[in-house]
Amino acid sequence: MMLSRPRALTVAVALLTAPLGLSPVLSPSAQALTVYDPWNYAQNMMSAARALEQINNQITSLQNEAQMLINQARNLASLPHSSLQQIQQSVQRTQQLLGQAQSIAFDVGQIDQAFQQRYGNIPLSASDADLVAGARSRWQTTVGGLQDAMRVQAGVVGNVDANRAEMATLVGQSQGATGALQATQAGNQLLALQSQQLSDLIAVMSANGRAAALSEAERATAAEQGREQRRRFLTPGTGYQAGNARMFSN
């Protein structure tokens, strides 16, 4: 059956408007629901992770800087122990012993003067009494030199125990040093202690050498004096005169 043109147009309009009339009407609460977006959520999580990583890096950097400051403080910390006073006292004791040298001190001017007076050529005009007095003075000087050498040796030996204890302390301080400065200071004090020990060794050698030199000088002068006394003994009129000797009295 064929529809007329106006009738067909009406049917077409009805068909086009039918879905609009059949679609459900959304309520206001349904229109306010939040739509979940996985891609946006992943982006937010990645941003949060990057921010957290930056914070962790900053914390690590601050920790490293704090540790660096602590290490610098340790490197600049001074050694709590000082052996300077002990070393100075040992050196002063040895110097005092050397300064107490008898008759002839460790002085170039005094040595020259003493040798000219006591160990020079024996004067031919000297009396026998003067020769004996000179020999006795030289013997006393030699004995004094030997005594001085023994005193210096005893003083140096007395420093050995103190030096040993100080060395053990410094080695312990060096091994337990918390920084470079403490280790350096401990090493410097050990070098100073070794220098003091070398000074003691030089003092002993000097005192022994002085005693040996005095002994040799006395021996050389005694030989010269012996020749002079022999010459006088063999000179006619001044030598030995025979006489009677009485050993036992009645």
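Starting from 1, residues in each chain are numbered consecutively following that chain's sequence as written. A pLDDT threshold of at least 70 governs which residues receive local features in this predicted model, and a stricter bar of 80 or more applies before side-chain atom pairs are shown or counted, although totals over entire chains, interfaces and linings include all residues. Hydrogens and waters are ignored; side-chain quantities use all the structure's heavy atoms.

1. Let's talk about the pattern of salt bridges
Two side chains bearing opposite charge may form a pair once their charged atoms approach each other closely.
Alright, step 1. Any carboxyl oxygen of Asp or Glu that lies within 4 Å of a side-chain nitrogen of Lys or Arg is treated as forming a salt bridge with it. Scanning all chains against the criterion turns up six salt bridges.
Alright, step 2. Between arginine 232 and aspartate 128 there is a salt bridge whose closest N-O contact spans 3.1 Å. One end of the pair, arginine 232, is in helix 7 (residues 180–234); the other, aspartate 128, is in helix 6 (residues 128–175), and 104 residues separate them in sequence.
Alright, step 3. With a closest N to O distance of 2.5 Å, glutamate 224 and arginine 227 form a salt bridge. Here glutamate 224 pairs with arginine 227, and both are found in helix 7, just three residues apart, close to one helical turn.
Alright, step 4. We call a residue buried when its accessible area falls under 20% of the maximum for its residue type, exposed when it is over 50%, and partly exposed in between, using a 1.4 Å probe and counting protein chains only. According to the relative accessible area criterion, glutamate 224 is partly exposed, its value standing at 28%.
Alright, step 5. Residues joined in a network through salt bridges with shared partners are Asp128, Glu228, Arg231 and Arg232. Labels follow the DSSP assignment, with helices taken as runs of H or I lasting at least four residues and strands as runs of E lasting at least two, numbered in each case from the N terminus.

2. Quick look at the side chain of glutamine 225
Alright, step 1. Inspection of the secondary structure puts glutamine 225 in helix 7.
Alright, step 2. Whether two residues are in contact is decided by their heavy atoms: any pair within 4.5 Å suffices. With near-sequence residues (within four places) excluded, glutamine 225 lies in contact with Ile122, Leu131, Val132, Ala135 and Arg138.

3. Notes on the confidence of the model for the chain
Alright, step 1. Per-residue confidence for the chain gives a mean pLDDT of 79; residues scoring 70 or more make up 80%.
Alright, step 2. Each residue carries a pLDDT score, the predictor's confidence in it, ranging from 0 to 100. Of all the helices and strands in the chain, helix 1 (residues 5–22) carries the lowest mean pLDDT, 48, while helix 6 carries the highest, 89.
Alright, step 3. Long-range and interchain partners of residues 15–23, a stretch whose pLDDT sits below 50, account for zero contacts in this model, where long-range means more than four residues apart.

4. Quick look at the nonpolar core
Alright, step 1. Membership of the largest hydrophobic core is limited to seven residues, which are Ala149, Val152, Val156, Ala203, Val204, Ala207 and Ala211.
Alright, step 2. Within the residue set of this core, elements represented by two or more residues are helix 6 and helix 7.
Alright, step 3. The greatest single-element share of this core, amounting to four residues, is contributed by helix 7.
Alright, step 4. Leave out the neighbours within four places in its chain, and alanine 211 touches Gly145, Leu146 and Ala149.
Alright, step 5. In terms of nonpolar packing, the next biggest core, distinct from the first, is built from five residues, Ile104, Ala114, Tyr119 and Ala217 among them. Residues enter a nonpolar core if they are buried and are Ala, Val, Leu, Ile, Met, Phe, Trp, Tyr or Cys, with the set joined through side-chain atoms within 4.5 Å.

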